Amino acid sequence: FDYDGPSMKTTVPGPRSKELMKQLGQIQNTGAINFFCNYEESKGNYLVDVDGNRMLDIYTQISSIPIGYNHPALLKVMANPNNLSTFVNRPALGILPPENFPDKITESLLSVAPSGMTRVQTMSCGACSNENAYKAIFIWYRNKERGQNTPTNEELNTSMINQAPGCPELSILSFMGGFHGRTLGCLATTHSKAIHKLDIPSFDWPVAPFPRLQYPLDEFTRENAEEEARCLEEVEDLIVKWRQKGKPVAGIVIEPIQAEGGDNHASPDFFRRLRNIARKHGCAFHVDEVQTGGGGTGKFWAHEHWGMDDPADIVSFSKKLLSGGYYHKDELQPDKPYRIFNTWMGDPSKNLFLSEVLNVIRRENLLEEVTRSGKALLNGLYELQAQYPSILSRARGQGTFCAIDAFDDATRDRILLKARDKGVLLGGCGDRSIRFRPALVFKEYHVNLFLNIFNDVLAQH
Ligand SMILES: Cc1ncc(COP(=O)(O)O)c(CNc2csc(C(=O)O)c2)c1O
């Protein structure tokens, strides 16, 4: 279920896209828009734009299309009359859930719950999932400190004017290069681009270094182990320092692969040791799988590559899972209702689609496919970086969640535009990386098609 290849009619954006940019420009900021899309004609791995350009999509709406465009299994969900009410009547799930909500959540989200977790709080996007996960961490931490006591009047009164002790001086430790969302709390733990943070007030929360690994990994084993040890030492120093400052670290948040920050990887050993540091210092360990989750690394969750039975206290998700939320350990469930709350608390119609996506993943063994395609992609990238050493370096990845560095940001941006004009959509991240975020239906056939086009782009560079 796909087209047989890209087919370009105009440069991108084409004339129709430009017309629509002008029209939308009267309504909102259109500076980030690449082009306008024809979603009716888009199919499988191919995104069609409004000028009839058919592109092999290896970016998939910022890594959020799980099994390609217009998948027949998902169109069937839409056509199923039993689902009509779910599409038409959006419930305030926190107060008035539909009868089938427990079963549907069990069938969809709980069927892929991370190891050690039996609870999931549904939300709508990545930022609101992380935002509420942070709140759950702060509530958990204060109740741990409070023991059996109830909140004092002083706490209640000071909370109403944003002051301690009601609004406690607690912190979340994050990592340089991390990205967790654009809302205020998430932004305080996001450190990928200054323009995201400029002009927005933030918190005095600790920021640790994320390992900068040297590639190929097997030639820099010692150096990379030392780099990871340096970062872990810095994490512990920061936890101690922030406690001494009276702003104890209640939680640590990290991505299994820092995506926006430039596809920065670390070893399973790094994450296992970080999890133990969190436990040692009484901090909740929050793994943000918004971009890495959903199967792109060859496992449903990237943290599964760490081989841990108890990998985290919280795992947040969104993108390929089609709506947001976070799985959590029992003790992270807030003590009272209405403390983690908003009108919709997720979207049951998206969970209907997710159930079907999971059926397709299982039925078509897509995680094995991703591992196979990922190997072919990474080997192809190794070959191209050997062929064009002045342009490319640091090919890396897990499954099809791959990346490669260009000489600099201008070179990277030029390559992305040339690839797009040849019918291949890629994304950039970090200061000079090209990132690959194909759908789970991206096969070896598509890898070879991509590598041929990419080779042409590099040869003409
Ligand atoms: C690891 C991780 N955590 C949280 C988020 C935030 O998710 P949304 O709020 O965008 O749904 C994201 C979102 N990713 C993302 C890619 S570009 C972008 C942006 O706002 O520019 C955001 C993420 O990658």
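Coordinates for the structure precede this section.
Residues numbered from 1 in each chain as written. Predicted model: local features only at pLDDT ≥ 70, side-chain atom pairs only at ≥ 80, totals over all residues. Heavy atoms only, no water.

## A word on unusual backbone geometry
1) Next: Val12 connects to Pro13 through a cis peptide bond whose omega is 0 degrees.
2) Next: For Pro13, the position within the fold is in the segment before α1 (15–25).
3) Next: Positive phi, normally seen in glycine, also occurs at Thr60, with a value near 45 degrees.
4) Next: Assignment of secondary structure puts Thr60 in helix α2 (residues 60–63).
5) Next: One non-glycine residue with positive phi stands out, namely Asn365, at about 50 degrees.
6) Next: Tracing the chain through its elements places Asn365 in the loop between α12 (348–363) and α13 (366–387).
7) Next: You can call Asn365 partly exposed: its relative accessible area is 44%. (Helix = DSSP H or I, 4+ residues; strand = E, 2+ residues; numbered from the N terminus. Buried < 20%, exposed > 50% of the residue type's maximum accessible area, 1.4 Å probe, protein only.)

## Quick notes on the site of the ligand
1) Next: If you check the shell around the ligand, you find 15 residues, and the closest are Gly126, Ala127, Arg182, Asp288 and Gln291.
2) Next: One nitrogen or oxygen atom from the main chain of Ala127 is found 2.9 Å from an oxygen atom belonging to the ligand.
3) Next: Taken by itself the ligand offers 520 Å² of open surface, and the protein chains cover 81% of this.
4) Next: Looking at which element gives the most residues to the shell around the ligand, the answer is helix α6 (residues 126–146), with 3 residues.
5) Next: Tallied by class, residues from the shell around the ligand come to 5 nonpolar, 5 polar and 5 charged. (Near = heavy atom within 4 Å. Polar contact = N/O pair within 3.5 Å; in protein donor to acceptor, adjacent residues only side chain to side chain. Areas by Shrake-Rupley, 256 points an atom, 1.4 Å probe, with all protein chains shown as cover. Nonpolar A, V, L, I, M, F, W, Y, C, P; charged D, E, K, R; others polar.)

## Here's the deal with helix α3 (residues 72–79)
1) Next: Those residues of α3 not exposed but buried are Ala73, Leu74 and Val77. Looking down the long axis of α3, one finds its buried residues gathered within 100 degrees of arc, a one-sided arrangement. Exposed side of α3, more than 90 degrees from the buried face: Lys76 and Ala79 are the residues found there.
2) Next: Looking at the buried side of α3, the elements it contacts are α4 (84–88) and α12. (Arc of directions from axis to C-beta. Contact = heavy atoms within 4.5 Å.)

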